Amino acid sequence: MSKIDIYVRGISHLISSLIVNLVGHLRCFVAVAEELHFGRAAERLGMAQPPLSQRVQRLERELGVRLFDRSSRKVALTAPGRLLLDEARDILTRVDRIYSVAERARLGEVGTVRAGLPSDLGGPIVAALIAAFRARRPDLRLDLRETGTAEQVRALAEGALDAGIVRHPCDSRGLEFGPMLGRPLGVLVPAASELAASPEVHLADLGGRDLVVAPREEAPGAYDDLLASCRRHGYAPDAVHEARHPQFALGLVLAGTAVALVPRVDDTAGVAWRPLVGEPLAWRTSCIWRRAGDPEHLRAITDFVAVATAVLRREAGMTPLDAAPARRVVPRPSSGFLA
Amino acid sequence: MSEAKRGAWGVDPPQAKRMSEAKRVSEAKRVSGARRDARGEVTERIEAEFRAAGVTGCLHVVDMDSGREVAVRAGDPVVLASVFKVPLLVAFHRQAAEGVLDPAEPVTLGPADRTAGPTGISGMLDEVRMSLRDLTFLMITVSDNAAADAVLDRVGRDAVNAAAAALGLRDTVVEVSGRELHESLLADAGVTGFADVWSRLDDPGVAARLRALDPLRTSRSTPRDMTRLLSMIWRDEAAPPDGCAAMRRLLGLQVWPHRLSSGFPFDDVVVSGKTGTLPTLRNEVGAVEYPDGGRYAVAVFTRSLLPVAVLPRADAVIGTAARLAVEALRRP
């Protein structure tokens, strides 16, 4: 055998190693070893079964040992397979860590808190929030985005947001919550209407008037909750108009087209805010965040949450709901336990 | 029972059966481009219905004879709730066929230690004596929890899970009895009565603590597994034909009109099913049969945003979503 032959073999061996893509193949190996079933492992990896089998076979060729015993109808680890499983897991853990460190460095995550705020929070409250966070954590960047509740929950789950302020009820699985804050709603009516003449308004007295609210898609739980409470208290609006912008809602109220159900605002030209008898409606708001793996980043997020909660209480007239009396629920047979 | 007969429903389905299943699947995949677009459109419409009803939902609807399907997150793990009574019913009939139990055997249930629930024996005050198979009648038709737990005690949880595995239900596990579920629900919510669980759910942290609502920590399945089970009941493959016929009769006698049934307000369409209900969870699995012979297995599992006990739209969307899927499959 000539020198040149050896050289060529070396190259081809190198090429096959590169093709093998060891980390990807080890991932396949570990998945099959944990499931002991090619179909389930393929499902877990989000790939088809034939390429999975091929990758495991290529890994076996590369390492020169059989990893699985497929002679029976079951898949079993061979002795070398068992030996290599712990090693493979160790490598994958280290690789995952490299990626997460790189991602953090790329996003500058640790130095930034990305938070979502509802669009109707109000300018002064947003300004107070930014000022208070700057005072508490001058070392951090605050990246605020105008985002509805549903979108915030989605973004938090995807890791595109770190924290937010949401209206309840919302899908809260896997997320953390700050204290629940309540803010009673009243009704915004034209100043000239007979409703503005009394200091308080019964929800049922709004009958026959249309309602204008923020779009359902921004916070579907709170929207459904609000309309259910209206009906429960005798107000079934003939039509519900969705207004993305509070100024548009104000326009509909001024024109006498609709009434709006909003937290207390100062009476301005042409409109009056009146409380509702018995406070039947309230927004329930809280901070929400995801558990960050990095302790520094988590501290940044919880600092934001503390600041935001304090600002909502101080500037937005929200009060903790800890002492709220339990809602009365009488399940019917069709909604009873294990119906 | 003869070995030949056992082959039709037993632990190891004969090769021919598996082949025909594989053929059905490949046929389902050979849909034309146009039809696939229509199928994509229907899943979007179903998602829109779920959103409008204030729920997140998983759905699988399959034509029992052609294998054509509509799937919305159909492989996601879901909480079975009372739907666990269906695999229990199947295990019961398999044991009856094997001679392990006598369906006519009388059982006496005292008033003490009766599993809680709103219907059937769960709500009765005095001692009850009836046959095992009549207990299954109450367990399916009115979701009687006391009857279901008495049947589960007799059949055994392991036997239910073994039957599910034998029928190829890879993601279906019955973890708890109705009684254990009730106890865990009250303990996790820190309340003494079921009605109080609802108001505790106003605190968003509570839902995550309730094992009963977490598919990874309670009796679980997938919509796909459940339509497989229903199809096998309708095709006489889940148990011998007389057992499957008995199961179809019970599922057809279920009383609830508000979910799957509400989506098919047609006198000539037969809707059979079994509901599953826990706070914020509303499920139903069943079968829909048209007079032209079209028959569809349906599994819909939903979770509502509002922690509200009475939510008619969330009940009705189960029927609406199922009808959209069935109508898409019936389009030529």
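Residues numbered from 1 in each chain as written. Chains lettered and ligands numbered in written order. Predicted model: local features only at pLDDT ≥ 70, side-chain atom pairs only at ≥ 80, totals over all residues. Heavy atoms only, no water.

Novice: Help me get a handle on the sheet that holds strand E8 (residues 281–289) of chain B, residues and values and all.
Specialist: Residue and element names in this part refer to chain B. Ordered by their spatial adjacency, five strands build an open sheet running E2-E1-E9-E8-E7, and the pairing between neighbours is antiparallel. In this open sheet, the two edge strands, each paired with only one partner strand, are strand E2 (69–72) and strand E7 (270–278). For this sheet, the mean inter-axis angle between neighbouring strands, taken without regard to orientation, is 10 degrees. Summarising the sheet, E7 and E8 pair through nine bridges and their orientation is antiparallel. The residue bridging Gly273 from the neighbouring strand is Gly286, located in E8. Taken strand by strand, helix H13 (residues 312–330) contacts strand E1 (55–63), E2, E8 and strand E9 (295–304), and its axis lies near 35 degrees from that of E1. (Pairing = 2+ DSSP bridges. Helix = DSSP H or I, 4+ residues; strand = E, 2+ residues; numbered from the N terminus. Axes fitted to C-alpha atoms, helices over the stretch in contact; angles between N-to-C directions. Contact = heavy atoms within 4.5 Å.)

Novice: Pulling in residues and values, what's your account of the environment of Glu49 of chain B?
Specialist: Residue and element names in this part refer to chain B. Note that Glu49 resides in helix H3 (residues 33–52). Between the C-alpha atoms of Glu49 and Ser122, which are 73 residues apart in sequence, the distance is 34 Å. Those residues in contact with Glu49 that sit more than four places away from it in its chain are Val317, Thr320 and Leu324.

Novice: Could you give me a rundown of the packing of helix H4 (residues 85–98) of chain B against helix H6 (residues 145–155) of chain B, with the residues and numbers involved?
Specialist: Residues and elements named next belong to chain B. Look at H4 against H6: their axes get within 10 Å of each other, and the N-to-C directions meet at 45 degrees. Regarding the angle of H4 to H6, the classification is oblique. When the axes of H4 and H6 are compared, the crossing they make is left-handed. Of the residues in H6, those in contact with Lys85, Leu88, Ala91, Phe92 and Gln95 of H4 are Asn145, Ala148, Val151, Leu152, Arg154 and Val155. Residue composition of the contact of H4 with H6, grouped by class: seven nonpolar, two polar and two charged. (Parallel < 35°, antiparallel > 145°, perpendicular 65-115°, else oblique. Left-handed = near helix turned anticlockwise from the far one by under 90°. Nonpolar A, V, L, I, M, F, W, Y, C, P; charged D, E, K, R; others polar.)

Novice: Account for the pairing of strand E9 (residues 210–213) of chain A, with residues named and values stated.
Specialist: Residues and elements named next belong to chain A. The side-chain alternation of E9 yields two buried faces, one formed by Asp210 and Val212 and the other by Leu211 and Val213. In this sheet, strand E11 (residues 258–262) lies alongside E9 in parallel orientation, the contact comprising three bridges. Bridge pairing in E11 places Val212 opposite Ala260. Pairing geometry for E9 and strand E10 (residues 240–242), over three bridges, is parallel. In the sheet register, Leu211 faces E10, and the bridge partner there is Val240. (Buried < 20%, exposed > 50% of the residue type's maximum accessible area, 1.4 Å probe, protein only.)

Novice: Hey, could you go over the packing of aromatic side chains for me, with residue numbers and the actual values?
Specialist: In this structure the tally under the stated criterion is five aromatic pairs over all chains. Considering the side-chain rings of Phe133 of chain A and Phe304 of chain A, the 6.0 Å spacing of their centres and the 65 degrees angle between planes classify their relative orientation as edge-to-face. Here the residue Phe133 of chain A occupies a position in helix H6 (residues 123–136), and Phe304 of chain A occupies one in helix H10 (residues 295–315), the gap between them amounting to 171 residues. A single burial state applies to Phe133 of chain A and to Phe304 of chain A, both of which are buried. A centroid spacing of 5.6 Å and a plane angle of 65 degrees characterise the contact between Phe337 of chain A and Phe194 of chain B, whose relative ring orientation is edge-to-face. Here Phe337 of chain A, found in the segment after strand E14 (319–320), pairs with Phe194 of chain B, found in helix H9 (residues 194–200), and the two come from separate chains. You can call Phe194 of chain B buried: its relative accessible area is 11%. Grouping aromatic residues by their ring pairs yields a cluster made of Phe29, Phe38 and Phe68 of chain A. The ring centre of Trp283 of chain A lies 3.6 Å from the NZ or CZ of Arg167 of chain A, which sits over that ring. (Phe/Tyr/Trp six-rings, centres within 6.5 Å; stacked < 30°, edge-to-face > 60°. Lys NZ or Arg CZ within 6 Å of the ring centre and 35° of its normal.)

Novice: If you had to explain the pattern of salt bridges to someone new, which residues and values would you point to?
Specialist: Residues and elements named next belong to chain A. Throughout the structure, instances matching the rule amount to 39 salt bridges over all chains. When the shortest N-O distance is used, the salt bridge between Arg89 and Asp86 registers 3.7 Å. Of the two residues, Arg89 and Asp86 both sit in helix H5 (residues 79–107), three residues apart, roughly one turn of that helix. With relative accessibility at 53%, the residue Asp86 sits in the exposed group. Taking the shortest distance from any N to any O, the salt bridge between Asp224 and Arg216 comes out at 2.8 Å. Of the two residues, Asp224 and Arg216, both sit in the buried class. (Salt bridge = Lys/Arg side-chain N within 4 Å of Asp/Glu carboxyl O.)

Novice: How would you sum up the UniProt feature "domain: Beta-lactamase class A catalytic" (unreviewed entry) in chain B? Please name residues and give values.
Specialist: With numbering aligned to this structure, UniProt lists the feature "domain: Beta-lactamase class A catalytic" (unreviewed entry) at residues 60–302 of chain B. Between the end C-alpha atoms of residues 60–302 of chain B the distance is 12 Å, and the span holds 39% helix and 19% strand. (UniProt positions renumbered as here; feature names shortened; annotations may be inferred.)

Novice: Explain the interface of chain A and chain B to me, and be specific about the residues and the numbers.
Specialist: Accessible area lost upon the coming together of the parts is a frequently used measure of interface size. Contact residues are listed per partner, giving 29 residues for chain A and 40 residues for chain B. In this assembly, chain A packs against chain B so that about 2,900 Å² is buried in total across both faces, 61% of it on carbon and sulfur atoms. Between chain A and chain B we count two salt bridges in total. In this structure, Glu43 of chain A and Arg170 of chain B form a salt bridge, with 2.9 Å as the shortest nitrogen-oxygen distance. Run the count over chain A and chain B and you get 16 residue pairs in polar contact (both at pLDDT 80 or more). (Buried area = accessible area lost by both parts, 1.4 Å probe. Polar contact = N/O pair within 3.5 Å; in protein donor to acceptor, adjacent residues only side chain to side chain.)

Novice: An account of the confidence of the model for chain B is needed here, citing residue identities and associated values.
Specialist: All names here are of chain B. The share of residues in chain B with pLDDT of 70 or more is 88%, and the mean pLDDT across the chain is 90. Note that pLDDT drops below 50 for residues 10–33; the model gives that stretch 22 contacts with residues more than four away or on any other chain. Complex prediction metrics read pTM 0.77 and ipTM 0.81. (pLDDT = per-residue confidence, 0-100.)

Novice: Run through the nonpolar core, naming residues and quoting values.
Specialist: Ile121, Leu135, Ile233 and Leu278 of chain B are the most contacted members of the largest nonpolar core, which has 77 residues in total. Setting aside its immediate chain neighbours within four residues, Leu278 of chain B contacts Phe337 and Leu338 of chain A together with Val79, Ala81, Leu181, Leu185, Ala212 and Leu213 of chain B. Val61, Val72, Tyr290 and Leu329 of chain B belong to the second-largest nonpolar core, a separate cluster that totals 30 residues. (Core = buried A, V, L, I, M, F, W, Y, C linked by side-chain atoms within 4.5 Å.)

Novice: Please provide a residue-by-residue account of H6 of chain B, values included.
Specialist: Residue and element names in this part refer to chain B. Burial analysis of H6 places nine of its 11 residues in the buried class, which makes it a mostly covered element. Three or more residues of H6 are buried, namely Asn145, Ala146, Ala147, Ala148, Asp149, Ala150, Val151, Leu152 and Val155. Close packing links the buried residues of H6 with H4, strand E4 (106–109), helix H5 (132–141), helix H7 (157–166) and helix H8 (178–189). Capping the start of H6, Asp144 holds a side-chain oxygen 2.9 Å from the backbone nitrogen of Ala146, two or three residues further along. Where H6 ends, the next residue or the one after it, Gly156, has phi of about 95 degrees, a positive value.

Novice: Explain the state of the cysteines to me, and be specific about the residues and the numbers.
Specialist: Going through the model one piece at a time under the given rule, you end up with zero disulfides over all chains. The thiol of Cys58 of chain B is not disulfide-bonded; the next cysteine sulfur, from Cys170 of chain A, is found 19 Å away. Of the residues examined, Cys58 of chain B reaches a relative accessible area of 11% and is grouped as buried. (Disulfide = S-S within 2.5 Å.)

Novice: Break down the sheet that holds E9 of chain A for me, with residues and values.
Specialist: Residue and element names in this part refer to chain A. Pairing is mixed in the open sheet, where five strands are placed in the order E10-E9-E11-E8-E12. The outermost strands of the open sheet, each flanked by one partner alone, are E10 and strand E12 (271–275). The sheet shows a mean angle of 30 degrees between the axes of neighbouring strands, direction not considered. Where strand E8 (residues 186–190) meets E12, five bridges bridge the pair, whose relative direction is antiparallel. Looking at the pairing, Pro190 lines up with Val271 of E12.

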